[in-house]
Amino acid sequence: MTTTAAATLYGIFRTGELRMALPLEKLREVIVRPPEFSALPTAGAGLLGAVNLRHTVIPVIDPCLLAGRASAMETGEVIIIVSSEGRLFGLLADAIEGSTHVAAESLLAVHMGGGGPALFSHTFERADDQAVIAVLDAATIVDMPGIPAIADPAQRPGTADVAAAQRHGPRRTLLMFECGDTGLSIDVTHVHSVVPDLRLHSSPLDGPVCRGVAHLAGHAVPAIDPVALLGLPEQPASGTRRGVVVSLPQGLIALTATAVTEITTVPAEDILAMPMVPSPDRTLLAGLLSTEGRQYLVLDGQALRESSELAAFGALNIRLEPGVAETGPPPDDTDRDANRVVTSVRKFLTYSVGVDAATPLEQIDEILPFPGVRLSLGGTSLLGMFTHRRKTIPLINLPVLLGHGHSPEPEADRVLLVTPAGGSTVGLVVPELRAIEQSVWEEPETAVGAGRERLVSIGTPEDHRLLPYVDLFAVAAEHFARDTAGAGAGGPETRVAAALR
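Residues numbered from 1 in each chain as written. Predicted model: local features only at pLDDT ≥ 70, side-chain atom pairs only at ≥ 80, totals over all residues. Heavy atoms only, no water.

### Description of the overall build of the chain
Counting secondary structure elements, the chain contains nine helices and 37 strands. Every one of the 501 residues in the chain was classed for burial, and the buried ones make up 50%. Contacts spanning at least 24 positions in sequence make up 62% of the contacts within the chain whose residues lie at least 6 apart. Here the chain has roughly 23000 Å² of accessible surface; of this, 53% comes from carbon and sulfur atoms. (Helix = DSSP H or I, 4+ residues; strand = E, 2+ residues; numbered from the N terminus. Buried < 20%, exposed > 50% of the residue type's maximum accessible area, 1.4 Å probe, protein only. Contact = heavy atoms within 4.5 Å. Areas by Shrake-Rupley, 256 points an atom, 1.4 Å probe, with all protein chains shown as cover.)

### Some remarks on the pairing of strand β5 (residues 56–61)
Buried residues dominate β5, accounting for five of its six residues. Both strand β4 (residues 47–53) and β5 contribute to a ladder of six bridges, which runs antiparallel. Within β5, the position partnered with L53 by the bridge is T56. Between β4 and the antiparallel strand that follows it, β5, lie two residues; R54 among them carries a positive phi value of about 50°. Of the strand pairs in this sheet, β5 and strand β7 (residues 87–93) are connected by two bridges, and their pairing is parallel. What sits directly across from I61, in β7, is L91. (Pairing = 2+ DSSP bridges.)

### Considering the pairing of strand β36 (residues 455–459)
For a regular strand, the rule is simple: side chains alternate between the two faces of the sheet. Among the five residues in β36, five count as buried, and that is most of the element. Two strands pair when backbone bridges link them, and strand β35 (residues 432–442) and β36 are joined in this way by three bridges, in the antiparallel orientation. Note on β36: the bridge partner recorded for E442 is V456. Bridge count between β36 and strand β37 (residues 464–468): five bridges; the pairing is antiparallel.

### A short note on the environment of A95
Among the secondary structure elements, A95 is positioned in strand β8 (residues 95–103). The spacing of A95 and R14 is 81 residues in sequence and 5.5 Å in space, taken between C-alpha atoms. Contacts of A95, omitting those with residues within four sequence positions, involve F13 and R14.

### Points about the sheet that holds strand β30 (residues 375–376)
Spatial strand order, β29-β33-β34-β32-β31-β30: six strands in an open sheet with mixed pairing. Bordering the open sheet on either side are β29 (366–369) and β30, each of which pairs with just one other strand. In the sheet, strand β32 (residues 391–397) pairs with strand β34 (residues 426–430) via three bridges, with the strands oriented parallel. In the strand pairing of β34, L395 is matched with G427.

### With respect to the nonpolar core
Counting residues in hydrophobic clusters, the biggest one holds 50 residues, and the most contacted among them are L349, Y351, L398, L416, L428 and L472. When residues of this core are assigned to their parent elements, the largest contribution, four residues, is made by β7. Setting aside residues no more than four positions away along its own chain, L398 makes contact with Y351, V353, L428, V429, V430, L472 and V475. (Core = buried A, V, L, I, M, F, W, Y, C linked by side-chain atoms within 4.5 Å.)

### Comments concerning a nonpolar patch on the surface
Side chains of L375, L377 and M385 sit close together on the surface and give an oily, nonpolar patch of about 260 Å² of accessible area. With respect to the secondary-structure elements, L377 resides in the loop between β30 and β31 (382–388). Judged by its relative accessible area of 45%, L377 falls in the partly exposed class. (Patch = residues over 30% accessible without salt bridge, like charges linked within 9 Å, V, L, I, M, F, W, Y side chains within 5 Å. Salt bridge = Lys/Arg side-chain N within 4 Å of Asp/Glu carboxyl O.)

### Comments concerning the environment of R33
Within the element layout of this structure, R33 appears in the loop between β3 (27–32) and β4. Taking the C-alpha atoms as reference, R33 lies 7.5 Å from G76; in sequence the two are 43 residues apart. Here R33 is in contact with M73, G76, E77, V78, I79 and L92, once residues within four sequence places are set aside. A polar atom in the side chain of R33 sits 3.0 Å from the backbone oxygen of G76. (Polar contact = N/O pair within 3.5 Å; in protein donor to acceptor, adjacent residues only side chain to side chain.)

### Quick word on the confidence of the model for the chain
Confidence along the chain averages 77 in pLDDT terms, with 79% of residues attaining 70 or more. Every residue in residues 158–168 is under pLDDT 50, and counting partners more than four places away or in other chains gives 14 contacts. Across residues 483–501 the pLDDT falls below 50, and counting only partners more than four positions away or on other chains, this stretch makes 28 contacts in the model. (pLDDT = per-residue confidence, 0-100.)

### Some remarks on the side chain of S352
Checked against the element boundaries, S352 lands in strand β27 (residues 347–352). Of the polar contacts made by the side chain of S352, one reaches the backbone nitrogen of G354; its length is 3.3 Å. Excluding residues that lie within four positions of it along the chain, S352 makes contacts with V430, P431, E432 and R434.

### Some remarks on the pattern of salt bridges
Under the definition given, this model contains eight salt bridges. For D187, the salt bridge is made with R172, and the minimal N-O distance between the two is 2.6 Å. Of this pair, D187 sits in strand β14 (residues 182–187) while R172 is found in strand β13 (residues 171–179), placing the two residues 15 residues apart along the sequence. With relative accessibility at 11%, the residue D187 sits in the buried group. On the basis of relative accessible area, R172 is assigned to the partly exposed category, the value being 22%. D225 serves as the salt-bridge partner of R211, at 2.9 Å between the closest nitrogen and oxygen. Highlighted residues: R211 in strand β17 (residues 210–216) and D225 in the loop between β18 (219–224) and α4 (226–229), separated in sequence by 14 residues. Connected via shared salt-bridge partners are D356, E432 and R434.

What follows is the structure, encoded as structure tokens:
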């Protein structure tokens, strides 16, 4: 396998008879083709029209028409969103055929005769089937006559368009919670964890602001009433207590809550400044956020960390004696409020293993078609072996390994090549690729208890979905360890359970 240090990762796609590639860094995302395109008052070569993607109008081009071939309108099913030199455009494609690392010496430069535009700059040979892949020159395409130049919002500098600024300017991801009738929120970057069942114990710290201590992480942690802390009217007592645990430089505190509702991402400009009023305490607030039918006070996480009053409580974390029960979710808890999440903007590959799942793109060396030539072993999870780049690679049925049934379909299945640190490369069969997408937030491994999958939020802050986070390094390492240790170590579902946490 060619290492990423000496090679560039290319995404490969097919449109009609053309096999093309672009550096993965230029591929913004892949979307399903709409039933029809919006017309644009221009007649650029290959221009089909436009799609409206999250309020950005993106021109869509048919590569077959650019190349002088028959249109791919009958077969094109997806649109590849490309970002080049600060501009966006879409390419109609039949299918995504995976990705591969290509060393610089394997790229063959192309010079176009006759003075015409060079739609592709290099070619390379795909190793598994010797297909010729053309590397598109995205800069040439966006500069062609009649192709609208659409600024990439992700790279757009300051603009006077207020609506655009709200959509594309700085954003904040907030944990929303309630204290009786009062709605509060705080940036997730300041949240250590969320406790769905906060059990309080009396202590010498009890008072108007401190409601007791909770046993967390081996310590007695002060439980702070945020309503009293802000100087707001006392709320009616409730039998339900949840805790939003905040990490201060001196130690942990738990903010008491009656409900933890959601995690949401909003434009920073939507958080409005607080007026000059005596209550609540404005020094601890970043502003006020209005949502549909509800208003939330936004806690200033940095101000909480710098508060001398809270610093005194944080410094009073008392280590518990061994064996003292701690507050925490019951063993079968599956409440999303138990998630500790961190903001995350990195690329994931989404795919189906019977259910949709996501894996960090950096874990995947290459994506290959199902090998036409292989040594079949007739197993359910270990299907056989094949050779690639002078290596013998085990072929593993990933859905079966993860507890989902799947019979291989060579024409449709794809193979993910994964090499864990210190291990051997394995080929993991997946029934269907979805897309290359960015994450919004994800749970760290330490935040997930037994019996529940680790989750990642995929998509955009405005339109995202939760998927299981599949650690393919763990899957490959488990398979390698099993092969070296021999049989009799339990079923495959047991051995790879950690990959889903």
